[in-house]
Amino acid sequence: MPPDQEPAIRLVGLRRVYGERAALEDLSLETAAGSSLVVLGPNGAGKTTLLRILATLLRPTGGEASVLGCTLPGEAWKLRGKIGYLGHEPLLYRDLTGRENLRFHAKLHGITGARAEARIEELLEAVKLSHRGDERTYEFSAGMRQRLAICRCVLHEPELLLLDEPDSNLDIEGREIARTLIGPGAGHTRVVVTHDPDRFLPEADQVLRLAIDAPAVVS
């Protein structure tokens, strides 16, 4: 990272405690804008906790966190419109159609009218769901819901993508489709949580290895 460039993510001694258990302890790192950080570790090591802190969904217990120049948690409100978050749940309304779901999320980000419709059609076409876009999402397969959730994640063209197991429920074709929207090289900074290092390590500019009851390792 150039010395005069502000990191997209800066963590200093970050800590998150649940009761008496520390999910994250003394985590420090800097991630450059436009790069891909891959987060590895066993269940319970704090991977999803970290992602939820970066997504402003969870407050850290201690330490410092700055994301896209916004200090957390105090400036979380400034950050939310710059983030695309893909978690374990697709965050879709099952009784709405695919298009209706995307229109709802477009409004949340202030995208309306012809601009919204054009963006929605562009994304549905990209994930090969344009012909199914007027069906309610409870009729979708798990893989189709994941594709639609990816559309939701990138709808507002965020600067930072926070991706928790982004390949969940996707077949080989679905993974290749998803890569065009949330893969490296598209101008986003990415944080990818995965249990599949063989798949994502080749795309990593930086790797964070979390462990239970052991210090984190950044490489």
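Quick summary incoming for the structure in this document. (Residues numbered from 1 in each chain as written. Predicted model: local features only at pLDDT ≥ 70, side-chain atom pairs only at ≥ 80, totals over all residues. Heavy atoms only, no water.)

1. A few points about the overall build of the protein
Along its length, the protein carries 7 helices and 10 strands. Its C-alpha atoms give the protein a radius of gyration of 17 Å, within 12% of the compact-globule value 17 Å for 219 residues. Seen along its three principal axes, the alpha-carbon backbone of the protein occupies a region of about 50 × 35 × 35 Å. (Helix = DSSP H or I, 4+ residues; strand = E, 2+ residues; numbered from the N terminus. Rg over C-alpha atoms; globule rule 2.2 N^0.38 Å.)

2. Some remarks on the packing of helix α3 (residues 98-108) against helix α4 (residues 113-126)
Relative to each other, α3 and α4 sit at 130 degrees, their axes nearing to 10 Å. As the angle between them shows, α3 and α4 are arranged oblique. The chirality of how α3 crosses α4 is right-handed. For the pair α3 and α4, the contacting residues are Arg 99, Leu 102, Arg 103 and Ala 106 in the first and Ala 116, Glu 117, Ile 120, Glu 121 and Leu 124 in the second. Classifying every residue of the contact of α3 with α4 by side-chain character gives 5 nonpolar, no polar and 4 charged. (Axes fitted to C-alpha atoms, helices over the stretch in contact; angles between N-to-C directions. Parallel < 35°, antiparallel > 145°, perpendicular 65-115°, else oblique. Left-handed = near helix turned anticlockwise from the far one by under 90°. Contact = heavy atoms within 4.5 Å. Nonpolar A, V, L, I, M, F, W, Y, C, P; charged D, E, K, R; others polar.)

3. Here's the deal with the sheet that holds strand β2 (residues 21-31)
Ordered in space as β2-β1-β4-β5, the 4 strands form an open sheet in which the pairing is antiparallel. The open sheet terminates on both sides in strands that have one partner only, identified here as β2 and β5 (70-72). Across this sheet, the average inter-strand angle for adjacent strands is 25 degrees, counted without regard to direction. With 7 bridges connecting them, strand β1 (residues 9-18) and β2 associate as antiparallel partners. Within β2, the position partnered with Leu 14 by the bridge is Leu 27. Of the strands in this sheet, β1, β2, β4 (62-67) and β5 are in contact with helix α1 (residues 47-54), which crosses β1 at around 120 degrees. (Pairing = 2+ DSSP bridges.)

4. Focus: the state of the cysteines
Within the structure shown, the criterion is met by 0 disulfides. As a non-bridged cysteine, Cys 70 has Cys 153 as the owner of its nearest cysteine sulfur, 18 Å distant. Overall, the relative accessible area of 2% leaves Cys 70 in the buried class. Cys 153 carries a free sulfur, and the closest cysteine sulfur to it, the one in Cys 151, is 9.8 Å from it. For Cys 153, a relative accessible area of 1% puts it in the buried group. (Disulfide = S-S within 2.5 Å. Buried < 20%, exposed > 50% of the residue type's maximum accessible area, 1.4 Å probe, protein only.)

5. Here we look at the environment of Gly 87
Along the chain, Gly 87 falls in the loop between β6 (83-86) and α3. For Gly 87 and Glu 75, which are 12 residues apart along the polypeptide, the C-alpha to C-alpha distance reads 22 Å.

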